[in-house]
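Chain by chain, the residues run as shown.
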Amino acid sequence: MARVLIVGAGLTGSLCAALLRREASSPLRLTVWDKAGDSGGRMTTASSPHNPQSTVDLGAQYITCTPHYAKTHQSFYDELLAGGILKPLISPIDGMMTKEGDCNFVAPHGVSSIINHYLKQSGADICFRQRVTQINLRDNKWEVSRETGSSEQFDIVVLTMPAPQILQLRGDITNLISECQRQQLESVSYSSRYALGLFYEAGTKIDVPWAGRYITSNPCIRFISIDNKKRNIESSEIGPSLVIHTTVPFGVTHLEHSTEDVQELIFKQLENIVPGLPQPVATKCQKWRHSQVTNAAANSLGQMTLHLQPFLVCGGDGFTQSNFDGCITSALCVLEALKNHI
């Protein structure tokens, strides 16, 4: 039974795992490693330490489907809608730019529920807090080392982390990346920002007419969402949750600052936009060093194959575009590249 390692438990990695399980012609032993403490990647959902049912989306807020992808990725949308994992976004988002024919969807259980759906389908062994450090060739297999724990051998490796993290890997992989591929990986660029999640006690009222709002006149804050309202879920037993996304210039300027200092700066600006907010019972500040792809790898066709025997491939939105459909496209391209090897 071939052993397959997928590095990264975000949307591309989790969907790759599910597609490999569905499409493989022979049994596979799938393993997913992620350096974070939970699944989701940039589609992560955080829970209040006081009430796990009170959650906030720290990454992607909603999913926009264009008419083109409504056709080409229809089966993916149909599956998620049928399972109640996605539903139409009906709550008011102030300042949202919409194009004719676009449909917007929200995940009622948080965006990480999409990732968990695919990971469950895959039946993969999932290990968190596993930071890959080296990839070496050993006896026609990949020996993959991590910061903690012993190295393990795999027949196929799929890397779905951001391109700069691929370039940081040590071992034989550094010699296997061609000069052209290295230049392509180095050309992938990302925006940076912070997200601040605020959790409130049950019964707290946040009296604003919108569920989400784009801010255009503040140097720090770009977007605010009352997450339970965005998902159209009101409960007397679960307090409201709020997420603030900073502007990219603020994120870049404060990238190496402590999250405590950044949180304080966000709070000061938030008071100007939504005065008189009550004190939250808990907060979660997330630094997104690699937030959205601003420049994808040129001519990569959704994936980048680094080695054929044994197979080593990279995927993710750095090879397509930084949205839900970009990740689906990349996962499908990785699957196509792998078809002769599974």
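In this report, we go over the structure that sits alongside the text. (Residues numbered from 1 in each chain as written. Predicted model: local features only at pLDDT ≥ 70, side-chain atom pairs only at ≥ 80, totals over all residues. Heavy atoms only, no water.)

Looking now at the sheet that holds strand β8 (residues 103-106). The strand order across the open sheet built from 3 strands is β5-β8-β6, with neighbouring strands paired in antiparallel fashion. Among the strands making up the open sheet, the edge pair consists of β5 (63-65) and β6 (87-88). In this sheet, β8 lies alongside β5 in antiparallel orientation, the contact comprising 3 bridges. Counterpart to Thr 64 in the pairing with β8 is Asn 104. Relative to the sheet, helix α3 (residues 74-82) contacts β5, β6 and β8, its axis offset from that of β5 by approximately 135°. (Pairing = 2+ DSSP bridges. Helix = DSSP H or I, 4+ residues; strand = E, 2+ residues; numbered from the N terminus. Contact = heavy atoms within 4.5 Å. Axes fitted to C-alpha atoms, helices over the stretch in contact; angles between N-to-C directions.)

What follows is about the packing of helix α1 (residues 11-23) against helix α4 (residues 112-122). Orientation of α1 relative to α4, taken along the N-to-C sense of each, is 30°, at an axis distance of 8 Å. In terms of orientation, α1 and α4 fall into the roughly parallel class. Once α1 is placed against α4, the crossing between them reads as left-handed. Residues Leu 11, Ser 14, Leu 15, Ala 17, Ala 18, Arg 21 and Arg 22 of α1 form the contact with α4, whose own contacting residues are Ile 114, Ile 115, Tyr 118, Leu 119, Gln 121 and Ser 122. Taken together, the residues that form the contact of α1 with α4 break down as 8 nonpolar, 3 polar and 2 charged. (Parallel < 35°, antiparallel > 145°, perpendicular 65-115°, else oblique. Left-handed = near helix turned anticlockwise from the far one by under 90°. Nonpolar A, V, L, I, M, F, W, Y, C, P; charged D, E, K, R; others polar.)

Enumeration according to the criterion identifies 15 salt bridges in this entry. Ionic pairing is found between Arg 213 and Asp 94, a salt bridge with its closest N-O pair at 3.6 Å. On the criterion of sequence distance, the pair formed by Arg 213 in strand β16 (residues 212-214) and Asp 94 in strand β7 (residues 93-94) is long-range, its members being 119 residues apart. Ionic pairing is found between Arg 231 and Asp 227, a salt bridge with its closest N-O pair at 3.0 Å. Of the two residues examined, Arg 231 and Asp 227, each falls in the buried class. It is possible to trace a salt-bridge network through shared partners that takes in Asp 57, Asp 227, Lys 230 and Arg 231. (Salt bridge = Lys/Arg side-chain N within 4 Å of Asp/Glu carboxyl O. Buried < 20%, exposed > 50% of the residue type's maximum accessible area, 1.4 Å probe, protein only.)

What follows covers the nonpolar core. Within soluble globular proteins, side chains that are nonpolar tend to cluster in buried spots. One finds Leu 20, Ile 114 and Phe 324 to be the most contacted residues of the largest nonpolar core, which totals 43 residues. When residues in this core are grouped by element, the largest group, 8 residues, is from helix α11 (residues 324-338). Those residues in contact with Leu 20, other than ones at most four positions away along the chain, are Val 4, Ile 6, Leu 28, Leu 30, Leu 335, Leu 338 and Ile 342. Among the nonpolar cores identified, the runner-up in size contains 26 residues, and Val 132, Met 161, Ile 166 and Val 293 belong to it. (Core = buried A, V, L, I, M, F, W, Y, C linked by side-chain atoms within 4.5 Å.)

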